[in-house]
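# Examination of the molecular architecture
As a plain string of letters, each chain reads:
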Amino acid sequence: METLKKNCTILHVEAFDSEKNRSGVSIRSKADNTIHVHWKGAAEIILAMCSSFYDASGSTNDMDDDERTRFEQIIEGMAASSLRCLALAHTQIPDDQEELV
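Residues numbered from 1 in each chain as written. Predicted model: local features only at pLDDT ≥ 70, side-chain atom pairs only at ≥ 80, totals over all residues. Heavy atoms only, no water.

### Thoughts on the overall build of the protein chain
On a plain count of helices and strands, the protein chain comes out with three helices and six strands. Along the protein chain, helices and strands appear, N-terminal first, in the series α-β-β-β-α-β-β-α-β. In terms of overall dimensions, the protein chain has C-alpha extents of about 40 × 30 × 25 Å along its principal axes. Taking all 101 residues of the protein chain together, the buried fraction comes to 27%. Considering only residue pairs separated by 6 or more positions, the protein chain has 39% of its internal contacts joining residues 24 or more positions apart. Between the mean site of the 10 positive side-chain charges and the mean site of the 18 negative ones, the protein chain shows a separation of 11 Å. (Helix = DSSP H or I, 4+ residues; strand = E, 2+ residues; numbered from the N terminus. Buried < 20%, exposed > 50% of the residue type's maximum accessible area, 1.4 Å probe, protein only. Contact = heavy atoms within 4.5 Å. Lys, Arg positive; Asp, Glu negative; His and termini not counted. Charge placed at Lys NZ, Arg CZ, Asp CG, Glu CD.)

This is the structure we're talking about:
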């Protein structure tokens, strides 16, 4: 954790919001000056924000309607079993959109 703190600068923190059911943080990597945004929250809320996903091998894949439906079914199945389901999302902000952070 200390290494991460030394290698990144926190740009913005969005505390958990019970209306939005999510929290987030944007950071700038000191190594390459890239900006990354990380979200955590209710799985269905985070899923709605996503256009791609990581598979089990760590590869990024575009999320089509079939994949989105598969994730929705997994979330619904967990909820039906009274399990709380949280999701994480990440994106890298392109340089030309830095003002959105």
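Moving on from the model shown.
### Focus on the pairing of strand β1 (residues 8-17)
Where β1 lies against strand β2 (residues 22-29), seven bridges are found, and the strand directions are antiparallel. By the bridge assignment, I10 is partnered in β2 with I27. The loop that links β1 with its antiparallel partner β2 comprises four residues; one of these, N21, has a positive phi angle of about 55°. (Pairing = 2+ DSSP bridges.)

### Things to note about the packing of aromatic side chains
On inspection of all chains with the given rule, the structure shows one aromatic pair. Here the basic side chain of R22 rests over the ring of W39, its NZ or CZ set 4.3 Å away from the ring centre. Directly above the aromatic system of F71 lies the positively charged group of R70, at a separation of 4.9 Å from the ring centroid. (Phe/Tyr/Trp six-rings, centres within 6.5 Å; stacked < 30°, edge-to-face > 60°. Lys NZ or Arg CZ within 6 Å of the ring centre and 35° of its normal.)

### A short note on the nonpolar core
Counting 14 residues, the largest nonpolar core has W39, A43, I46, C50, M63, I75 and A89 as its most contacted members. If you list the elements that add at least two residues to this core, you get β3 (35-42), α2 (43-49) and β6 (86-93). What I75 contacts, discounting residues up to four positions off in sequence, is A43, E44, L47 and C85. (Core = buried A, V, L, I, M, F, W, Y, C linked by side-chain atoms within 4.5 Å.)

### Looking at the pattern of salt bridges
Taken as a whole and judged by the stated rule, the model has three salt bridges. In this structure, the salt-bridge partner of R70 is E67, at a minimum N-O distance of 3.0 Å. Within this pair, R70 and its partner E67 are both found in helix α3 (residues 65-80), separated by three residues, close to a single helical turn. Given a relative accessible area of 39%, R70 falls into the partly exposed group. (Salt bridge = Lys/Arg side-chain N within 4 Å of Asp/Glu carboxyl O.)

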